[in-house]
Amino acid sequence: VTNPSEILISQREDQLSGISIASMMEGNRPLLIETQSLVSTANYGTPQRSSNGFDLRRLQMLLAVLEKRGGFRLGTQDVFLNIAGGLKVEDPAIDLAICASIASSYEDLPILPSVAFAAEVGLGGEVRAVSRIEQRISEPEKLGFKKIYVSKFNLKGIDSNLFGIEIIPSGKLEDVFQHLFN
């Protein structure tokens, strides 16, 4: 396979809410993966939390951050998360993509398919820096993506003019959501 990232991202004609693209590292290789979220009203008492390919405890932590720091009322919502392609991902750099896909599904607003994410999310709702950011930016650029959201702390010492993709630095989740959905 010449470029596994192309296989792990679905080619879709319609823009659907709840889908985002994460730039992650698998060993030394950057990969783009699709995160899919579905948020719907819980009809049977306790809301369900389900995750395929991502740690359920980490998902629950991200949901708590979205609730407390992002203002999303997820306590009465079922939340389902799927990492496309059957991958099991432990890279914290996909946190921002997961939060964006959950917010997208919750608001029923699609994220443009030319947007990628590469950042960890902290308990305070902060967008945290991740390692090997140049590789994480170069991979979506190679595949024709137009924008990538990263932590503003990752840009120290990096000349963003060297990249042909718009790099959007963010410090907090609310900054990302305001820019993404407005």
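My aim in this report is to walk through the structure given alongside it, one point at a time.

Things to note about the pairing of strand β1 (residues 19-26)
Point 1. Counting buried residues in β1 gives seven out of eight residues, a clear majority hidden from the surface.
Point 2. Bridging between β1 and strand β2 (residues 29-41) involves eight bridges; their strand directions are antiparallel. Note on β2: the bridge partner recorded for Ala-22 is Ile-33.
Point 3. As consecutive antiparallel partners, β1 and β2 are separated by two residues, and within that stretch Gly-27 has a phi angle of approximately 70°, a positive value.
Point 4. Judged from the two bridges that link them, β1 and strand β5 (residues 115-118) form a sheet pairing that is parallel. The partner of Ala-22 across the bridge, within β5, is Phe-117.

A short note on the packing of aromatic side chains
Point 1. Throughout the structure, instances matching the rule amount to four aromatic pairs.
Point 2. Plain terms: the ring middles of Phe-72 and Tyr-106 are 5.3 Å apart, the flat faces sit at 90° to each other, and that makes the pair edge-to-face. With a gap of 34 residues between them, Phe-72 in the loop between α2 (56-70) and β4 (77-83) and Tyr-106 in helix α3 (residues 95-107) connect regions that are remote in the sequence.
Point 3. By relative accessible area, which is 8% here, Phe-72 ends up buried.
Point 4. Through pairs of rings, three or more aromatic residues link up here, namely Phe-72, Tyr-106, Phe-177 and Phe-181.

Topic: the packing of α2 against α3
The angle between the axes and the distance between the axes are what describe a pair of packed helices.
Point 1. Interaxial distance between α2 and α3 falls to 11 Å at its minimum, and their mutual angle equals 60°. In terms of axis orientation, α2 runs oblique to α3. As for the relative orientation of α2 and α3, their crossing is right-handed in sense. Here Arg-58, Leu-59, Leu-62, Leu-63 and Leu-66 of α2 lie close against α3, whose contacting residues are Asp-95, Ile-98, Cys-99 and Ile-102.
Point 2. Residue composition of the contact of α2 with α3, grouped by class: seven nonpolar, no polar and two charged.

Comments concerning the sheet that holds strand β8 (residues 147-151)
Point 1. Taking strand neighbours across the sheet as the criterion, the seven strands line up as β3-β4-β2-β1-β5-β8-β9 in an open arrangement whose pairing is mixed. Since the sheet does not close on itself, it has two edges, and those belong to β3 (49-52) and β9 (166-170), each with one partner. Shown here is a sheet whose adjacent strand axes are inclined to one another by a mean of 25°, direction ignored.
Point 2. Seen against the sheet, helix α4 (residues 133-142) touches β1, β2, β5, β8 and β9 and runs at an angle of roughly 130° to β1.
Point 3. Its contacts with the sheet put helix α5 (residues 173-181) on β5, β8 and β9, and the angle it makes with β8 is roughly 165°.

What about the nonpolar core?
Point 1. Judged by nonpolar contacts, the single largest core of 38 residues is most densely connected at Ile-94, Leu-96, Ile-102, Phe-117 and Phe-177.
Point 2. Secondary structure elements with two or more residues in this core: β1, β2, α2, β4, α3, β5 and α5.
Point 3. Among the elements that make up this core, the one with the highest residue count is α3 (seven residues).
Point 4. Here Ile-102 is in contact with Ser-37, Val-39, Leu-59, Leu-63, Leu-66, Leu-74 and Val-79, once residues within four sequence places are set aside.

The rules behind each value
Residues numbered from 1 in each chain as written. Predicted model: local features only at pLDDT ≥ 70, side-chain atom pairs only at ≥ 80, totals over all residues. Heavy atoms only, no water. Buried < 20%, exposed > 50% of the residue type's maximum accessible area, 1.4 Å probe, protein only. Helix = DSSP H or I, 4+ residues; strand = E, 2+ residues; numbered from the N terminus. Pairing = 2+ DSSP bridges. Phe/Tyr/Trp six-rings, centres within 6.5 Å; stacked < 30°, edge-to-face > 60°. Axes fitted to C-alpha atoms, helices over the stretch in contact; angles between N-to-C directions. Parallel < 35°, antiparallel > 145°, perpendicular 65-115°, else oblique. Left-handed = near helix turned anticlockwise from the far one by under 90°. Contact = heavy atoms within 4.5 Å. Nonpolar A, V, L, I, M, F, W, Y, C, P; charged D, E, K, R; others polar. Core = buried A, V, L, I, M, F, W, Y, C linked by side-chain atoms within 4.5 Å.

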